[in-house]
Amino acid sequence: MDTASVSLLREALASTGWLEQTRQLGMALRTTRSPGGLMVVGTPDDEPWHVTAHLADEARLSGLAQLSPTLLRWDPPPNAPAHLRVGLDRLQETGRGETLFIVSEQRAPVPLLERVDDARRTGATILAIEGGDPELESLAHDAIAVRPDEALITFDAAQHLVSMAAGEVRRASLRERLARLADWVTGPRVSD
């Protein structure tokens, strides 16, 4: 999905509440303190490559290094490149300032729920895009449930909206920049 398609989708969803939800989750991803501290994980059968790639692009394009994700894999091959060899054991080192982003349309398996709970107890922020998993929702600090039978958007579209929202860098308007310049030139205001 390209930028124009996401923009069109945003227009179509403007009055539904989905944009606010995806923007809120996208902004929560930005609270990660350091590059690599945003860990993305899915289920053993469905690793979230797609959203991981989009977050890496958003980190690069926006200049927000904290969005540089680490893909956590269930069974990484030992001969894979270093960035594709990070396993779930990385969660044992998780702490404050780091974010665990679970992306799973299926119910999270018990071993993942246990590791998510451990990461939460050590201070990590837990975020999720999920398909309606009450156990995962209860562990997450913030989550978006994309239930196939109820959602206005697809699971894939939700990932695009969240990753794009995470990388948005709001530029001040011309009026705001001129106001700052005027304040800087005239100095502080003193009340009578």
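Sequence order sets the numbering: in each chain, residues are counted from 1 along the sequence as written. Reporting of local features is limited, given that this is a predicted model, to residues whose pLDDT is at least 70; pairs of side-chain atoms are given and counted only at 80 or more, and all residues count toward the totals for whole chains, interfaces and linings. Hydrogens and waters are ignored; side-chain quantities use all the structure's heavy atoms.

Q: Any chance you could break down the overall build of the protein for me, citing the residues and the numbers?
A: Counting its secondary structure elements, the protein contains seven helices and five strands. Throughout this description, buried means an accessible area under 20% of the type-specific maximum (1.4 Å probe, protein chains only), exposed means over 50%, and partly exposed covers the range between. Burial statistics for the protein: of 192 residues in total, 45% are counted as buried. Strands are runs of DSSP state E lasting at least 2 residues, helices are runs of H or I lasting at least 4, and numbering of each runs from the N terminus.

Q: Residue-level account of the nonpolar core, with values.
A: Core analysis: the biggest nonpolar cluster contains 25 residues, and L29, L55, F101 and I129 have the highest contact counts within it. Elements supplying a minimum of two residues to this core: α2 (18-29), β1 (38-41), α3 (49-62), β3 (99-104), β4 (125-130) and α6 (155-167). It only takes one pair of heavy atoms within 4.5 Å for two residues to be counted as in contact. Apart from the residues lying within four places of it in its own chain, the contact partners of I129 are L25, F101, I102, V103, S104, I144, V146, F155, A158, Q159 and V162. Counting 19 residues, the second-largest nonpolar core is a separate cluster that includes L72, A108, A119 and L139. By nonpolar core we mean a set of buried residues, namely Ala, Val, Leu, Ile, Met, Phe, Trp, Tyr and Cys, connected to one another through side-chain atoms within 4.5 Å.

Q: Tell me about the environment of V86, and name the residues and values.
A: With respect to the helices and strands, the residue V86 is situated in the loop between β2 (69-71) and β3. For the pair formed by V86 and T70, sequence separation is 16 residues and the distance between their alpha carbons is 7.6 Å.

Q: Go over the environment of D142 with me, naming the residues and quoting the values.
A: Topologically, D142 is positioned in strand β5 (residues 142-145). Between the C-alpha atoms of D142 and Q21, which are 121 residues apart in sequence, the distance is 9.5 Å. With residues up to four places along the chain from it excluded, the contact list for D142 reads Q24, L25, I126, L127 and A128. Polar contacts involving the side chain of D142 include one to the side chain of Q24, which spans 3.4 Å. Here a polar contact is taken to be a pair of N or O atoms separated by no more than 3.5 Å, where protein atoms must pair a possible hydrogen donor with a possible acceptor and residues adjacent in sequence count only if both atoms sit in side chains.

Q: Which residues make up the pairing of β3, and what values do they have?
A: Judged by how many residues are buried, β3 sits mostly within the fold: six of six residues are covered. Neither face of β3 is left uncovered, since the one carrying T99, F101 and V103 and the one carrying L100, I102 and S104 both have all their residues buried. Strands pair, by our definition, only if DSSP identifies at least two bridges between them. Strand direction decides the pairing type here: β1 and β3, joined by four bridges, are parallel. If you follow M39 over to β3, its bridge partner there is L100. Bridge count between β3 and β4: six bridges; the pairing is parallel. For V103, the partnering residue across the bridge sits in β4 and is I129. We call a crossover right-handed when, viewed with both strands directed away from the observer, the connection leading from the first strand over the helix to the second proceeds clockwise. Read as a crossover between parallel neighbours, the route from β3 over helix α4 (residues 110-121) to β4 is right-handed.

Q: Run through the pattern of salt bridges, naming residues and quoting values.
A: Criterion for a salt bridge: a side-chain nitrogen of Lys or Arg within 4 Å of a carboxyl oxygen of Asp or Glu. Summed over the entire model, instances satisfying the criterion amount to seven salt bridges. For D57, the salt bridge identified is with R60, shortest N-O distance 3.4 Å. You can see D57 and its partner R60 sitting in helix α3, three residues apart, about one turn around the helix. Since its relative accessible area comes to 57%, R60 is described here as exposed. Residues R90 and E98 are paired through a salt bridge, measuring 2.5 Å at the closest nitrogen-oxygen approach.

Q: Go over the side chain of E58, please, and point to the residues and values.
A: Within the fold, E58 resides in helix α3. Other than its neighbours up to four places away in sequence, E58 contacts G63, L67, S163, M164 and G167.

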